Amino acid sequence: MSEDLYSAVLKRKSFHVFPKPERKLTLDEVVEIQQHIQTLVPMDPEIRTEITIVANNRTTLVRGQEYCIVMYSEKKDGYLQNLGYLGEQLDLWLTSKGIGVLWSGLGSAKEKKEGLEYVIMLAIGKMEEDRFRSDLSKVSRKAVTEIWSDELYTGIRDVVRYAPSAINMQPWYVQASEEQLTVYRRKETFRPKLLSDAMQIHYNQIDMGIFLYTLEVCLAHEGIRYERAMYMDDGAVREKTLVAEYLLTKMPK
C-alpha cells in the first residue's frame, strides 16, 4: 500500500459543504478517478458491485459538490462491509490527490442498476490544501480505551481511530494480543433521531468496512503482515458482533 494513503488517514476530513468558488476538477482528473475505481480491491470478489463518478445533477444530494461517486452492490452476506472497504480505498486516494470527500447516506442516485441496490455515495470536490485536517487535537473521537483493549500496537491504535464513520458513531472495538487483532462491531447507545435501529446497523456495517481498510493501511505502514479472517455480521443488535480476525506476523527489522 502507498504511504500516501497512510498520510491521508491523518489528513482527511469530512467536507459537509463544498464552498464556492471551488477549484474545478478537469476532465482528465475525472477520467483518472474513474480509471482508479477499476483498480479497487474488494474484500469479497464474489459480491458484484458498480461504482461510478457522476455529475452532481445525477443525484439528489445538495452540498455544493461538483461530482458524486455512487456505489451500488448486489445484496449478499457482507455486502455493506465490502462497499465500505472499497469506498475507503477511494476516499484515502482522493484525499491524497487534494480532493475532499463526504460519505453521504442522505442523497440518492437517480439512476437505477439492474440487479444492484444503490447503497451510498461519496460527494467530492477539489480543495485547497489548508482545508484538510492539520490539527488532530480538534478531531472528535472516542477515547482510545473505548475502541482498543490495551496498550499493544498503540501506534496503529492511535491512527486508525481517525477512520470516518456515519454520524461519527465509531462502532468498532479491537481486542489486541501479540499475535492477533480481533475486530468487533459494537452496539452503539447513541442513535440520532433520524435513524431507525435498522438504519443505524446498516451504516455501522459500512463503517466496519471503512475501519478494516484503514486498519490494513496502518498495518502495512508498520511493516506487519497479516492473514484476515472475516465473519458474517447478521445485523443483530448485541453488545459485540465479531467481524474479523487478523493473525499478525511482524516483519524483521
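Keep in mind that this is a model prediction, so the values were computed, not measured.

## A short note on the pattern of salt bridges
(1) Moving on: The final tally for this structure, using the stated rule, is 14 salt bridges.
(2) Moving on: With a shortest N-O distance of 3.6 Å, Lys 75 and Glu 117 are connected by a salt bridge. Here Lys 75 is found in the loop between β2 (67-73) and α3 (79-96), whereas its partner Glu 117 is found in strand β4 (residues 117-126), with 42 residues between them in sequence.
(3) Moving on: Residue Glu 117 is classed as partly exposed on the basis of its relative accessible area, which comes to 26%.

## Topic: the confidence of the model for the chain
Detailed reading of the predicted coordinates is not advisable wherever pLDDT is low.
(1) Moving on: In this model, the chain carries a mean pLDDT of 92, and residues with pLDDT of at least 70 account for 96%.
(2) Moving on: Confidence, expressed as mean pLDDT per element, reaches its minimum in the chain at helix α4 (residues 144-147) with 92 and its maximum at α3 with 98.

## A look at the packing of α3 against helix α6 (residues 197-221)
Geometrically, a packed helix pair is captured by the angle between its two axes and the distance between the axes.
(1) Moving on: Two elements in contact, α3 and α6, have axes separated by 7 Å at closest approach and are oriented at 50 degrees. One element, α3, and the other, α6, form an angle in the oblique class. α3 and α6 meet at a crossing whose hand is right-handed. In contact with Tyr 79, Leu 80, Gln 81, Gly 84, Tyr 85, Glu 88, Gln 89 and Leu 92 of α3, α6 contributes His 202, Gln 205, Ile 206, Met 208, Gly 209, Ile 210, Leu 212, Tyr 213, Thr 214, Glu 216 and Val 217.
(2) Moving on: When the residues that make up the contact of α3 with α6 are grouped by side-chain class, the tally is 10 nonpolar, seven polar and two charged.

## Points about α3
(1) Moving on: Between the first and last C-alpha of α3 there are 26 Å, a value that for 18 residues agrees with the 26 Å anticipated at 1.5 Å per step.
(2) Moving on: Along α3, 17 of the 18 residues are buried, which leaves the element largely enclosed by surrounding structure.

## Here we look at the environment of Arg 58
(1) Moving on: Note that Arg 58 resides in the loop between β1 (49-55) and β2.
(2) Moving on: The partly exposed category is assigned to Arg 58, whose relative accessible area is 40%.
(3) Moving on: Counting along the chain gives 181 residues from Arg 58 to Glu 239, while the straight-line C-alpha distance between them is 39 Å.
(4) Moving on: Those residues within four positions of Arg 58 in sequence are excluded, and the remaining contacts are Ala 109, Lys 110 and Glu 111.
(5) Moving on: Of the polar contacts made by the side chain of Arg 58, one reaches the side chain of Glu 111; its length is 2.8 Å.

## Section: the nonpolar core
(1) Moving on: Residues Ile 33, Ile 69, Ile 124, Trp 148, Leu 181 and Leu 215 are the most contacted members of the largest nonpolar core, which totals 62 residues.
(2) Moving on: In terms of residue count, the dominant contributor to this core is α6 (11 residues).
(3) Moving on: In this structure Ile 69 touches Ile 33, Ile 37, Ile 51, Thr 52, Ile 53, Leu 90, Leu 94, Ile 120, Met 121, Leu 122 and Ile 124, once residues within four positions along its chain are discounted.
(4) Moving on: Among the nonpolar cores identified, the runner-up in size contains 14 residues, and Val 54, Cys 68, Val 70 and Phe 132 belong to it.

Quick notes on the rules
Residues numbered from 1 in each chain as written. Predicted model: local features only at pLDDT ≥ 70, side-chain atom pairs only at ≥ 80, totals over all residues. Heavy atoms only, no water. Salt bridge = Lys/Arg side-chain N within 4 Å of Asp/Glu carboxyl O. Helix = DSSP H or I, 4+ residues; strand = E, 2+ residues; numbered from the N terminus. Buried < 20%, exposed > 50% of the residue type's maximum accessible area, 1.4 Å probe, protein only. pLDDT = per-residue confidence, 0-100. Axes fitted to C-alpha atoms, helices over the stretch in contact; angles between N-to-C directions. Parallel < 35°, antiparallel > 145°, perpendicular 65-115°, else oblique. Left-handed = near helix turned anticlockwise from the far one by under 90°. Contact = heavy atoms within 4.5 Å. Nonpolar A, V, L, I, M, F, W, Y, C, P; charged D, E, K, R; others polar. Expected span 1.5 Å × (residues − 1). Polar contact = N/O pair within 3.5 Å; in protein donor to acceptor, adjacent residues only side chain to side chain. Core = buried A, V, L, I, M, F, W, Y, C linked by side-chain atoms within 4.5 Å.

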